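Results of the structural survey
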Amino acid sequence: AIGSGTLTLTGSAASGNMTLAYSGTSTVTSQTISAKNCVTTVSGTEFLTFAVTGPNVNRNTQAGLGLKDLSLGVRSGNDSNGTSCKQVNQGTNPQESLTIALNPAAFGTSFGFPAVHEAGIDLNLAGNAVITAELKRQGNTIGLAELQSGFSAPQPQQDARSQLQACRYDSNSGPQSGFNNNCYWEIEPLSEGGYVGGVSNPTPAQYDWDTIVLTAVVGQFSIQGGNSWPTGYPAAAGTRFGVTAYSDGTLGCYDGTPATLAAAQASAFGDDRAVITRLVNGKVSGVTPECVLKPYTYSDTSNTSAFRQDIRDGQSTAQFAAVLPRDYTKAEVTSAAHSGPSATAPWPPLPTVSVNWEDGTSDVTLTYCVPGLITATDATNYKVPTVDSTKVVSALDQTLVTPATQYACIYAQTNQQNPDGSVTAYDYIYFMGDILLKGGR
């Protein structure tokens, strides 16, 4: 893990607002949820995003997040005892649900995906209740949890794989009797048991989730921030999410040996021969900063490869080189579309590679590096370049949104014809900053 903290939701009786605060950043920031006539407004650092399902409020207004009496729920056209804007109710059409998701951009790490390893949710109930939680990571369901309260005996589980917590059997949970109708739902780390969907032998990071979908199968519930509990109870501290961010490894600066190279799976570019190398740091005011190990994450999808590192760690001039292979079959090589080299392009013609800095700015199509940036390459080790970092001036910054300089360019392209008639093309890319590379065939 490269960073961790607790995200805590509390309520203020004085203002009627709810506040989210994160302990994992040195800068004191918070997210405030306020409401007027149940209609919520979110301000500050958006650590969490909220989404709901449920009946429309009216023909012109969709269901939304509701806040009343320091209780979060679904504001919808369903009226349950006059509390439709602060509860999530069973049996509606469409079914009411509340989805809470981490917003990666809000956390103190600029790379990877922060995720939740455990949680404690302060629930206000209004009678017998069965509440389910679907735990997701990057859109995929990886865990299930269920809370039961009230009833005269345990109820059949909604899913046998769920992590089950019993709150108050033999005692109806409400209505509205101080903390006696509240339950503190502790969702334990999935690594300690329970369903981990679609993952064999998961790594620590794969146990963690970034989204929770809460639904009332029986009864109703609201999410609160500890206000109903007496001092000294754990729940009095509020609803909390334990957040962790993980790295895939660390990179030191290149010293002429392959030991500093990080091989990474890059299906977007053909196979697992993609290699990313950290170079020496770029100069600051004529001085090369000391090289400190940098955690990083690497991921890929069908046509992108993402390399992320912390650009806020005092090493903003860290430089990298990437070797990205792409394979062409014999049929593709001999087709009209790949008819051979020209005076200005390698053979076969290469689709463009673009970069996205993941800060809301548009993709940038990569071009060749500015003259003088690459002064030499190491022929024995993946063409690792020697760089004159003074050539990376602020005018080259490819995004003005992300701090420091974000720049990427192509410094070489080569091709290799294979015995079966196929061709492997290689892009050699220099970059400074986080990067999301997009390539095609």
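In this report, the structure presented in the accompanying data block is examined. (Residues numbered from 1 in each chain as written. Predicted model: local features only at pLDDT ≥ 70, side-chain atom pairs only at ≥ 80, totals over all residues. Heavy atoms only, no water.)

1. A look at the overall build of the protein
Within the protein, the secondary structure is distributed over 1 helix and 30 strands. Evaluated residue by residue, the protein yields a buried proportion of 48% over its 441 residues. If you take every contact in the protein between residues at least 6 apart in sequence, the share linking residues at least 24 apart comes to 62%. (Helix = DSSP H or I, 4+ residues; strand = E, 2+ residues; numbered from the N terminus. Buried < 20%, exposed > 50% of the residue type's maximum accessible area, 1.4 Å probe, protein only. Contact = heavy atoms within 4.5 Å.)

2. Some details on the packing of aromatic side chains
Throughout the structure, instances matching the rule amount to 6 aromatic pairs. Taking 5.6 Å as the distance between ring centres and 45 degrees as the angle between the ring planes, the aromatic pair formed by W229 and Y233 counts as tilted. Both rings, one in Y407 and one in Y430, keep their centres 6.3 Å apart while their planes meet at 55 degrees; by these two values the pair is tilted. Of this pair, Y407 sits in strand β28 (residues 407-417) while Y430 sits in strand β29 (residues 423-432); the two residues are 23 residues apart in sequence, bridging distant segments of the chain. (Phe/Tyr/Trp six-rings, centres within 6.5 Å; stacked < 30°, edge-to-face > 60°.)

3. What to know about the side chain of E118
As for its placement among the helices and strands, E118 is situated in strand β10 (residues 115-125). In this structure the side chain of E118 is engaged in a polar contact, spanning 2.5 Å, whose partner is the side chain of R240. Setting aside anything within four residues of it in sequence, one finds E118 in contact with I187, E188, P189, R240, F241 and G242. (Polar contact = N/O pair within 3.5 Å; in protein donor to acceptor, adjacent residues only side chain to side chain.)

4. So, the pairing of strand β2 (residues 18-22)
Judged by which residues are buried, β2 turns out to be one-sided: M18, L20 and Y22 face inward and are buried, whereas T19 and A21, on the alternate face, are not. One ladder, built from 4 bridges, connects β2 with strand β3 (residues 30-36); its direction is antiparallel. For T19, the partnering residue across the bridge sits in β3 and is T32. (Pairing = 2+ DSSP bridges.)

5. So, the environment of V74
Along the chain, V74 turns up in strand β7 (residues 71-75). Judged by its relative accessible area of 0%, V74 falls in the buried class. Distance in space between the C-alpha atoms of V74 and E96 is 7.0 Å, their sequence separation being 22 residues.

6. Description of the state of the cysteines
Two cysteines joined by a covalent bond between their sulfur atoms form a disulfide. Tallied over the entire structure, the rule returns 4 disulfides. In this model, C38 is linked to C85 through a disulfide, with the two sulfur atoms separated by 2.0 Å. Its S-S torsion of about -50 degrees marks the bond between C38 and C85 as left-handed, since a negative value means left-handed. Here C85 lies in the loop between β7 and β8 (88-89) and C38 lies in the loop between β3 and β4 (39-44), a separation of 47 residues in the sequence. In this pair, the class of C38 matches that of C85, namely buried. Taking only the cysteines that form disulfides and numbering them from first to last, the protein has the pattern 1-2, 3-4, 5-6, 7-8. (Disulfide = S-S within 2.5 Å.)

7. What to know about the nonpolar core
In a soluble, globular protein the nonpolar side chains are often hidden away together inside. Of all hydrophobic cores here, the largest spans 42 residues; its most connected members are W185, I187, W209 and I223. For this core, the leading source of residues is β10, giving 5 residues. The contact partners of W209, leaving out residues within four places of it in the chain, are A115, V116, A119, L135, K136, R137, I142, I187, L190 and F241. Among the nonpolar cores identified, the runner-up in size contains 20 residues, and L251, Y296, W357 and L366 belong to it. (Core = buried A, V, L, I, M, F, W, Y, C linked by side-chain atoms within 4.5 Å.)

8. Some points on the sheet that holds strand β11 (residues 129-137)
Read from one edge of the open sheet, 6 strands run β5-β9-β15-β11-β12-β13, paired in mixed fashion. For this open sheet the edge positions go to β5 (48-53) and β13 (163-166), each flanked by a neighbour on one side alone. Strand-to-strand twist across the sheet, computed as the mean angle between neighbouring axes with direction ignored, equals 20 degrees. Of the strand pairs in this sheet, β11 and strand β12 (residues 140-149) are connected by 9 bridges, and their pairing is antiparallel. Across the sheet, residue T132 finds its bridge partner in β12, namely E146. (Axes fitted to C-alpha atoms, helices over the stretch in contact; angles between N-to-C directions.)

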